[in-house]
Amino acid sequence: MRVSRFAPSPTGRLHLGHAYSAVLGRRADRWLLRIEDLDPGRSRPEFVGGIMEDLAWLGLEHDGPTLVQSQRTALYAAALKQLRAESLVYPCFCTRADIAASLTAPHGDAGSGYPGTCRGLADDPERRAATPHSWRLDGGKAIARAGLPVWQEADGTSFASAPDQIGDAVLARKDAPSSYHLACVVDDAATGVTLVVRGADLRPSTSVQRLLQVLLGLPEPTYLHHPLVMHADGRRLAKRDQAPTLAAMRVAGIDGRELAEKLRTGLLPYGFRLAEA
Ligand code: GLU
């Protein structure tokens, strides 16, 4: 039995790209809904209502209860503790400005996106107690332990990730008890997800997440990275673009169920197309 899930972040209204992902996911035997609301600065309760409305309009019903990540933080904390016990994470005190400044300095690690400033600092519980910090994966150590992550796509191809896609990913944030990566692998495992359907833009996240699954001893799902939906002229759909939200399409009188039916057969509305893979 294939179990998939739709895991939107309630940070804006859904657009056509979300609808495409949802329709592909719904082809699984079970299709779960998870609200990824761990970003306190950007998540809004009214967008959770919007997600429900949009899915109902598309005629897509999910199976089982809706999981809400902000109610599950103890699980993510336990996973982080497991990684801490194995010295695979370290506290990072850098501010965004620190990171930006050190990336332009000559000795930053190219590619990782984080120059490793706090990696290798001696543990200082007093500093940790007094200073807001995030927790980062020690990417080099993690790869040495678990090997470079590989994953299987639903069409049978397999992908190996490059270490520079992983870097020292943040697993818990100063302002949020878990990052997207950690919460995602914990929840996919907890809910028995066997098929992760997501846009091709999330491939680098899949590298980090496969590595976390190996480190945490979690089962390996299959992945379907689908091409992104774009405007016909090649522009990406962005949440800040008002026009192609599903809400706007509904107001314009489009029939959501018909739209879902078309998406299922790979047909996009006029003015949109799929990006080349
Ligand atoms: N919450 C993430 C998003 O809306 C995606 C999740 C995923 O499929 O893992 O982009």
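Rules used in this analysis
Residues numbered from 1 in each chain as written. Predicted model: local features only at pLDDT ≥ 70, side-chain atom pairs only at ≥ 80, totals over all residues. Heavy atoms only, no water. Near = heavy atom within 4 Å. Polar contact = N/O pair within 3.5 Å; in protein donor to acceptor, adjacent residues only side chain to side chain. Nonpolar A, V, L, I, M, F, W, Y, C, P; charged D, E, K, R; others polar. Core = buried A, V, L, I, M, F, W, Y, C linked by side-chain atoms within 4.5 Å. Buried < 20%, exposed > 50% of the residue type's maximum accessible area, 1.4 Å probe, protein only. Helix = DSSP H or I, 4+ residues; strand = E, 2+ residues; numbered from the N terminus. Contact = heavy atoms within 4.5 Å. Pairing = 2+ DSSP bridges. Axes fitted to C-alpha atoms, helices over the stretch in contact; angles between N-to-C directions. Phe/Tyr/Trp six-rings, centres within 6.5 Å; stacked < 30°, edge-to-face > 60°. Lys NZ or Arg CZ within 6 Å of the ring centre and 35° of its normal.

## A short note on the site of the ligand
Okay, step 1: The ligand sits among Arg 5, Ala 7, Pro 8, Ser 9, Glu 36, Tyr 180, Cys 184, Arg 198 and Leu 202.
Okay, step 2: A distance of 2.7 Å separates a nitrogen atom of the ligand from a polar backbone atom of Ala 7.
Okay, step 3: In terms of residue class, the shell around the ligand is made up of five nonpolar, one polar and three charged.

## What about the nonpolar core?
Okay, step 1: In terms of nonpolar packing, the biggest core is built from 28 residues, with Leu 16, Leu 55, Leu 58, Leu 246, Leu 259 and Leu 263 touching the most fellow members.
Okay, step 2: Mapped by element, the contributors of at least two residues to this core are helix 1 (16-26), strand 2 (30-35), helix 2 (45-58), strand 9 (195-199), helix 9 (246-251) and helix 10 (256-264).
Okay, step 3: With six residues, the top contributor of residues to this core is helix 1.
Okay, step 4: Setting aside residues up to four positions removed in sequence, Leu 259 forms contacts with Leu 16, Trp 57, Leu 58, Leu 246, Met 249 and Pro 269.

## What to know about the sheet that holds strand 8 (residues 170-172)
Okay, step 1: With antiparallel pairing, the three strands of this open sheet are ordered in space as 4-5-8. On the outer flanks of this sheet lie strand 4 (89-92) and strand 8, each paired with one strand and no other. For this sheet the average axis-to-axis angle between neighbouring strands, irrespective of direction, equals 40°.
Okay, step 2: Sheet analysis places strand 5 (residues 134-137) next to strand 8, joined by two bridges and oriented antiparallel. Along strand 8, the bridge assignment pairs Trp 135 with Ala 172.

## Brief notes about the packing of aromatic side chains
Okay, step 1: The tally for this structure, following the rule as stated, stands at three aromatic pairs.
Okay, step 2: Taking the centre distance of 5.8 Å and the plane angle of 25° together, the rings of Phe 6 and Trp 31 count as stacked. Residue Phe 6 is located in strand 1 (residues 3-6), and its partner Trp 31 is located in strand 2; the two are separated by 25 residues in the primary sequence.
Okay, step 3: For Trp 31, a relative accessible area of 1% gives the class buried.
Okay, step 4: One residue, Arg 127, lies across the ring of Phe 93, its end atom 3.9 Å from the ring centre.
Okay, step 5: Positioned over the ring face of Tyr 114 is Arg 136, at 3.5 Å from the centre of the ring.

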